[in-house]
Amino acid sequence: MPKKARSAADARTPIEVATLIADRFMRIDPPRQTYMYHLGLAAMLDMYEATHESKYLDFYLAQMSTKVKTFNWRLYQVTGDQEWLKGAQEQGESFLGNPRRDSEGSLLDPRGRYTVDCFSHYFVFPIILGHVLKDHRYFDDAAKQYEINAGYLVDPLTGVWNSRFGHSLHPNRPNPGLWSRGNGWLVGAWGRSMHLWDPRHEAYRRMFKEWQRYAAAVASFQTDSGLYHQLLNRPDSFEEATGSGLFTSGFSFAVRGGTLPQRYAAIAYRAFCGLRAL
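A. The packing of aromatic side chains, seen in detail. Under the defined criterion, the tally for this structure stands at 23 aromatic pairs. Aromatic pair Tyr 114 and Tyr 152: ring centres 4.0 Å apart, planes at 20°, arrangement stacked. On the criterion of sequence distance, the pair formed by Tyr 114 in the loop between α6 (88-96) and α7 (116-133) and Tyr 152 in helix α8 (residues 136-153) is long-range, its members being 38 residues apart. Since its relative accessible area comes to 11%, Tyr 114 is described here as buried. Judged by relative accessible area, Tyr 152 falls into the partly exposed class, the value being 29%. An aromatic cluster of three or more residues is present, and its members are Phe 119, Phe 123, Phe 139, Tyr 146, Trp 161, Trp 190, Trp 197, Trp 211 and Tyr 214. The ring of Phe 95 carries the charged tip of Arg 101 above its face, separated from the ring centre by 5.6 Å. The ring of Phe 253 carries the charged tip of Arg 192 above its face, separated from the ring centre by 3.9 Å.

B. Layout of the environment of Leu 196. The residue Leu 196 is located in the loop between α9 (180-193) and α10 (204-219) in this model. Judged by its relative accessible area of 6%, Leu 196 is buried. Residues Leu 196 and Ile 128, spaced 68 residues apart in sequence, show a C-alpha to C-alpha distance of 6.6 Å.

C. Geometry of the nonpolar core. Core analysis: the largest hydrophobic core is formed by 56 residues, its most contacted members being Phe 123, Trp 161, Trp 190, Trp 197, Tyr 214, Tyr 228 and Phe 251. Within the residue set of this core, elements represented by two or more residues are α6, α7, α8, α9, α10, α11 (241-257) and α12 (263-276). For this core, the leading source of residues is α7, giving 9 residues. Core analysis: the second largest hydrophobic core is formed by 16 residues, Ala 22, Leu 41, Leu 45 and Phe 59 among them.

D. View of the pattern of salt bridges. If you walk through the whole model with that rule in mind, you get 17 salt bridges. In this structure, Asp 46 engages Arg 74 in a salt bridge whose closest nitrogen and oxygen atoms are separated by 2.7 Å. Of this pair, Asp 46 sits in helix α3 (residues 35-51) while Arg 74 sits in helix α5 (residues 73-79); the two residues are 28 residues apart in sequence, bridging distant segments of the chain. Across the pair Arg 256 and Glu 49 runs a salt bridge whose closest N-O atoms are separated by 3.7 Å. Taken together, the residues span a long stretch of sequence, with Arg 256 in helix α11 and Glu 49 in helix α3 at a distance of 207 residues. The exposed category is assigned to Arg 256, whose relative accessible area is 57%.

E. View of helix α4 (residues 54-63). Of the residues making up α4, those classed as buried are Tyr 56, Leu 57, Phe 59 and Tyr 60. Each buried residue of α4 sits inside an arc of 160° when the element is viewed along its axis, so together they form one side. On its buried face, α4 is in contact with α2 (14-25), α3 and α5.

F. A look at the environment of Cys 273. Structurally, Cys 273 is set in helix α12. Sequence-wise, Cys 273 and Gly 250 are 23 residues apart; in three dimensions their C-alpha atoms are separated by 16 Å.

G. Region of interest: the packing of α10 against α11. Following both chains from N to C, one finds α10 and α11 inclined at 140°, their axes separated by 12 Å at the closest point. Overall, the two elements α10 and α11 adopt an arrangement that is oblique. Where α10 crosses over α11, the handedness of that crossing is left-handed. Along the contact surface, α10 presents Trp 211, Ala 215, Val 218 and Ala 219, while α11 presents Phe 247, Phe 251 and Ala 254. In terms of residue class, the contact of α10 with α11 is made up of 7 nonpolar, no polar and no charged.

H. How the structure looks around unusual backbone geometry. Of note, the bond from Asp 29 into Pro 30 is cis; its omega dihedral lies within 30 degrees of zero at 0°. Here Pro 30 is to be found in the loop between α2 and α3. One non-glycine residue with positive phi stands out, namely His 52, at about 60°. Tracing the sequence through the fold places His 52 in the loop between α3 and α4.

I. Spatial organisation of α7. Under the 1.5 Å per step criterion, the end-to-end length of α7 is 26 Å for 18 residues, consistent within 8% with the ideal 26 Å. Each element contacted by the buried residues of α7 is listed here: α5, α6, α8, α9 and α10.

Basis of the calculations
Residues numbered from 1 in each chain as written. Predicted model: local features only at pLDDT ≥ 70, side-chain atom pairs only at ≥ 80, totals over all residues. Heavy atoms only, no water. Phe/Tyr/Trp six-rings, centres within 6.5 Å; stacked < 30°, edge-to-face > 60°. Helix = DSSP H or I, 4+ residues; strand = E, 2+ residues; numbered from the N terminus. Buried < 20%, exposed > 50% of the residue type's maximum accessible area, 1.4 Å probe, protein only. Lys NZ or Arg CZ within 6 Å of the ring centre and 35° of its normal. Core = buried A, V, L, I, M, F, W, Y, C linked by side-chain atoms within 4.5 Å. Salt bridge = Lys/Arg side-chain N within 4 Å of Asp/Glu carboxyl O. Arc of directions from axis to C-beta. Contact = heavy atoms within 4.5 Å. Axes fitted to C-alpha atoms, helices over the stretch in contact; angles between N-to-C directions. Parallel < 35°, antiparallel > 145°, perpendicular 65-115°, else oblique. Left-handed = near helix turned anticlockwise from the far one by under 90°. Nonpolar A, V, L, I, M, F, W, Y, C, P; charged D, E, K, R; others polar. Expected span 1.5 Å × (residues − 1).

What follows is the structure in C-alpha cells.
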C-alpha cells in the first residue's frame, strides 16, 4: 500500500473499521454453519448497539434458526424487549440439572475435558441467569465452575489459562498451551458479564479480584504492535488477530461496565490499532 494511502487507512476510527467488516460479513452467501460465522453474527448486535442502524439487528434476526422469541440476553440488552427474557427460568433449571458434570460438579466439554473455550460459556451463562432471575444459586454455580476449572487450567507461572487440561504437563508434545484465542474467549465473555454479578453474593469480591488479576496477566503479554502472540508466552509464534480482537472486546466492555480501570481502554485501543494495520 502506498505510504499516503496507508496513512489515510490508519486514521480510520473503530466504528469505521467495524462498519467495513460488518458490511462485508453481511454479504457472505450462503451463511456458514460454523462457530466463526456465529461469532460474527453476534457482532451484528454490537454494531446495532453502537450505531442504532436497524440493518444490523434485522440481519441478525433474519439469520436466527427460530423466529419464536425465547431467552436471549444480548437481544434483550440491545432492544430492551422483555419478550427476549422469556424462558430464562426453564433454561436456568436445565443448566443446573445438566448431567454432563464431573464428580465435583463442573460441566465438561462434549469430549469430557476441561477446556478454556467451553468453560467461558459454562462460567458466564450462570452469571447472566443469576442477574436476570435474581437467584444466587447461579452465582454459586459460576463460582464453583471457576474454582474447579482454574485448578486444572490456570498456569501458575503466568496466571493465564492453558487451552485444556493436560497441555502444560506435556512440554515435548505440540499443543496450544497458553493459547491466545482460548484466553480471548474467556476475556471476551467475562468482560461482558462481571458487572452483572450481584455484589451481595458471598463470592463477588473474590471473583472481582480474580477478574482484575487475570486481565492484568493477559494484558502483560501485549506486544509493541498492540497485538498478542498466538501462544501468549511464545514470542516466536505469530501475532494473532482473533485472540487480539477478543481481548479488545472484553477489555472495552469491562471498562464500560466498571469492572476494569480506565487504563484498559488504552490497552484495548492499542490492540485495535494493531488489528487495523493488518
